[in-house]
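Examining the three-dimensional arrangement
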Amino acid sequence: MNLPKVHIFLAGILCVFSGPTLCSKDETRLVKTLFNGYNKVVRPVNHFKEVVVVTVGLQLIQLISVDEVNQIVSSNVRLKQQWVDVNLKWNPDDYGGIKKIRIPSSDIWKPDLVLYNNADGEFAIIHDTKVLLEYTGKITWNPPAIFKSYCEIVVLHFPFDLQNCTMKLGTWTYDGLLVVINPESEKPDLSNFMESGEWELKDYTALKHYVDYACCPGVPYLDITYHFLMLRLPRYFIVNVIIPCLLFSFLTVLVFYLPTDSGEKMTLSISVLLSLTVFLLVIVELIPSTSSAVPLIGKYMLFTMVFVIASIVITVIVINTHHRSPSTHTMPNWVRKLFIETIPNMMFFSTMKRPSQEIRQKRLFPIDMDISDISGNPTPTAVTYQSPIIKNPDVRSAIEGVKYIAETMKSDEESNNATEEWKFVAMVLDHILLLVFMAVCIIGTLAVFAGRIIELNSLYS
């Protein structure tokens with residue numbers, strides 16, 4: 001069979017541009033001799049029962065992206081393959097000492113290695129680069145490739161997640177009795193790996209498997225599976241998602257520190273809720289949109305939203321308590337005993353004056369005072385004599401007027417006392433809720449993230 005025209009053309013181009021010292025007739029003659037009668041469809045063995053041993057090495061150059069929604073990992077790799085072609089051997093002494101040549105990979109037999117867990121349209125390597133051919137027949141082919149492999153992404157602990165992704169490589173048509181593939185080493189080559197800003201490779205290994213398929217019992221098919229244990233770097237999500245949500249929670253706590261008389265409690269609560277809603281709409285694209293599990297960051301955002309809504313509901317109750325009056329509500333004895341007499345004595349605002357104390361200090365008349373004392377009688381029970389002045393209708397009318405005024409003042413005093421008691425109860429509720437919500441904010445944040453962070457630290461400590 002004649003030499004393919006492409007080989008003659010390449011040899012001629014090489015001679016023209018390299019000059020007589022670098023390109024000689026020896027190389028042209030060598031290429032012509034090697035490919036004279038060469039069939040790239042037939043396995044390069046001396047006997048059909050012999051196997052072709054292919055050594056496979058994976059060099060990871062770059063982790064391009066990880067698509068959590070579609071569960072696709074894109075990576076830039078170099079897939080090194082080495083085997084011996086018995087039909088491509090020569091004696092260097094017969095060809096001017098040439099020991100190595102480079103020839104197109106499309107003109108020789110190659111193992112049909114494919115990426116089994118491919119998630120793209122191309123399963124095999126489509127870029128045909130040249131191979132390095134040595135005089136012993138050893139062929140080294142190291143083509144570049146962009147692999148898009150399927151990886152089951154578990155987002156349960158996002159953004160503190162640890163993913164185990166694989167690349168499964170094997171021959172598509174040749175079984176283990178025809179082509180044997182062996183890993184070059186126990187680990188993929190990361191000597192030229194470019195660090196990712198989102199992921200850190202914690203562990204990686206290569207494992208060889210023998211698989212018996214139902215279609216072909218007793219015939220093993222070989223594959224090499226590369227495992228990559230990847231830890232997400234969470235700094236971006238901590239700064240842009242977790243810390244803002246935490247700040248919104250602390251703003252919610254401040255609602256209970258704001259005095260009710262200011263009239264701005266509900267304004268602050270609604271403003272925090274609206275700000276949180278807008279913030280969640282902005283960052284929703286950062287969270288994996290999958291229904292397989294609720295990620296940690298999704299749980300925390302839900303916790304923050306419920307936290308803010310709960311503060312609004314409780315703030316309405318506190319404001320309602322603050323504005324109660326004797327004409328609409330009667331304070332139960334247990335409320336007075338619990339929130340006015342008991343709880344303030346156990347908390348840091350125990351030195352504050354109770355409403356009953358302030359009213360007692362401001363009383364104009366004793367509780368048991370008889371209004372008739374103003375008539376001038378020192379001891380009305382001991383003296384039965386009444387002054388003629390009292391019998392005067394004008395004087396009696398004046399005394400009745402004064403008595404009415406005193407009773408009205410007493411009624412207003414009691415009403416103000418009851419109103420102040422309701423305000424004091426609302427203030428006590430504010431102080432209690434301030435402490436409760438602050439504790440819930442801190443404990444809730446730790447409950448969501450602390451367990452996973454401790455687990456990762458113990459795993460790699």
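Parameters at a glance
- Residues numbered from 1 in each chain as written.
- Predicted model: local features only at pLDDT ≥ 70, side-chain atom pairs only at ≥ 80, totals over all residues.
- Heavy atoms only, no water.
- Helix = DSSP H or I, 4+ residues; strand = E, 2+ residues; numbered from the N terminus.
- Buried < 20%, exposed > 50% of the residue type's maximum accessible area, 1.4 Å probe, protein only.
- Contact = heavy atoms within 4.5 Å.
- Polar contact = N/O pair within 3.5 Å; in protein donor to acceptor, adjacent residues only side chain to side chain.
- pLDDT = per-residue confidence, 0-100.
- Disulfide = S-S within 2.5 Å.
- Pairing = 2+ DSSP bridges.
- Core = buried A, V, L, I, M, F, W, Y, C linked by side-chain atoms within 4.5 Å.
- Axes fitted to C-alpha atoms, helices over the stretch in contact; angles between N-to-C directions.
- Parallel < 35°, antiparallel > 145°, perpendicular 65-115°, else oblique.
- Left-handed = near helix turned anticlockwise from the far one by under 90°.
- Nonpolar A, V, L, I, M, F, W, Y, C, P; charged D, E, K, R; others polar.
- Salt bridge = Lys/Arg side-chain N within 4 Å of Asp/Glu carboxyl O.
- Patch = residues over 30% accessible without salt bridge, like charges linked within 9 Å, V, L, I, M, F, W, Y side chains within 5 Å.
- Areas by Shrake-Rupley, 256 points an atom, 1.4 Å probe, with all protein chains shown as cover.
- Phe/Tyr/Trp six-rings, centres within 6.5 Å; stacked < 30°, edge-to-face > 60°.

1. Some points on the side chain of D430
Relative to the helices and strands, D430 is located in helix α8 (residues 393-459). Classification of D430 by relative accessible area gives buried; the value is 5%. Those residues within four positions of D430 in sequence are excluded, and the remaining contacts are F256, L258, T260, K265 and V318.

2. Observations regarding the side chain of N118
With respect to the helices, strands and loops of the structure, N118 is situated in the loop between β4 (113-115) and β5 (130-134). Owing to a relative accessible area of 12%, N118 belongs among the buried residues under this scheme. Within the structure, N118 has its side chain in polar contact with the backbone oxygen of D120 (distance 2.4 Å). Every residue in contact with N118, bar those within four places of it in the chain, is listed here: F123 and K148.

3. With respect to the environment of S311
Inspection of the secondary structure assignment puts S311 in helix α5 (residues 296-322). Sequence separation between S311 and T252 is 59 residues; the distance between their C-alpha atoms is 6.8 Å. If we ignore the near neighbours within four places in the chain, the residues touching S311 are T252, F256 and F437.

4. As for the confidence of the model for the protein chain
Here the protein chain shows a mean pLDDT of 83. Residues at 70 or above account for 84%. This stretch, residues 367-377, has a pLDDT under 50; its non-local contacts, to residues over four places away or in other chains, come to eight contacts.

5. Description of the state of the cysteines
Under the criterion given, the structure shown has one disulfide. Two residues, C151 and C165, share a disulfide whose sulfurs are 2.0 Å apart. Negative torsions about the S-S bond denote left-handed disulfides, and the value of about -80° found for C151 with C165 makes this one left-handed. Taken together, the residues span a long stretch of sequence, with C151 in the loop between β7 (144-150) and β8 (162-171) and C165 in strand β8 at a distance of 14 residues. Neither C151 nor C165 differs from the other in exposure class; each is buried.

6. Brief notes about the pairing of β8
Examined bridge by bridge, β4 and β8 share three bridges and lie antiparallel to one another. When the bridges of β8 are listed, L115 appears paired with L169. Strand direction decides the pairing type here: β8 and strand β11 (residues 220-232), joined by nine bridges, are antiparallel. Within the sheet, the bridge partner assigned to C165 lies in β11 and is F228.

7. Quick word on the nonpolar core
A general tendency of soluble globular proteins is for nonpolar side chains to be buried together. Counting residues in each nonpolar core, the largest one holds 100 residues, and the members touching the most others are I101, I108, F147 and Y226. Broken down by element, this core gets its largest block of residues, 13 residues, from α8. Setting aside residues no more than four positions away along its own chain, I101 makes contact with E27, L30, V31, L34, W90, V131, L132 and L133.

8. Some points on unusual backbone geometry
Here the bond from F158 into P159 is cis, since omega is 5°, no more than 30 degrees from zero. By the secondary structure assignment, P159 is in the loop between β7 and β8. Of note in the backbone geometry, Q71 takes a positive phi value of approximately 60° without being a glycine. In this structure, Q71 sits in the loop between β1 (52-67) and β2 (72-84). For Q71, a relative accessible area of 17% translates into the label buried.

9. Things to note about the packing of helix α4 (residues 265-283) against α5
Helix-helix packing is described using two parameters, namely the angle between the two axes and the distance between the axes. Here α4 crosses α5 at 165°, and the two axes come no closer than 10 Å. The orientation of α4 relative to α5 falls into the category roughly antiparallel. For α4 against α5, the interelement crossing comes out left-handed. Counting all contacts with α4, which are made through K265, M266, S269, I270, V272, L273, L276, T277, L280 and I283, the residues of α5 involved are M301, T304, M305, V308, I309, I312, T315, V316 and I319. Of the residues in the contact of α4 with α5, the class split is 14 nonpolar, four polar and one charged.

10. A short note on the pattern of salt bridges
Scanning all chains against the criterion turns up 10 salt bridges. A salt bridge links D203 to K187; the nearest nitrogen and oxygen atoms lie 3.6 Å apart. A residue pair is termed long-range when its members are at least 10 positions apart, and D203 in strand β10 (residues 199-212) and K187 in the loop between β9 (179-183) and β10 qualify at 16 residues. In this structure K187 comes out as partly exposed when scored by relative accessible area, which is 42%. One salt-bridge network, in which partners are shared between bridges, spans E68, D161, E198 and R232.

11. Notes on a nonpolar patch on the surface
On the surface, F250, M438, I442 and L446 cluster together into a nonpolar patch covering about 340 Å² of accessible area. At three residues, α8 tops the list of elements feeding residues into the nonpolar patch. Within the secondary structure, L446 is located in helix α8.

12. Description of the packing of aromatic side chains
Note on aromatic pairs: each is described by the distance of the centres and the angle between the planes. Enumeration over the complete set of coordinates arrives at 14 aromatic pairs. With a centroid separation of 5.8 Å and an interplanar angle of 50°, the aromatic rings of F248 and F279 are classed as tilted. Of this pair, F248 sits in helix α3 (residues 235-254) while F279 sits in helix α4, and the two are 31 residues apart along the sequence. Take F248: its relative accessible area is 13%, and that puts it in the buried class.

13. Concerning the sheet that holds β11
Ordered by their spatial adjacency, four strands build an open sheet running β4-β8-β11-β10, and the pairing between neighbours is antiparallel. The open sheet terminates on both sides in strands that have one partner only, identified here as β4 and β10. Looking at each pair of strands side by side, their axes are set apart by 20° on average, direction ignored.

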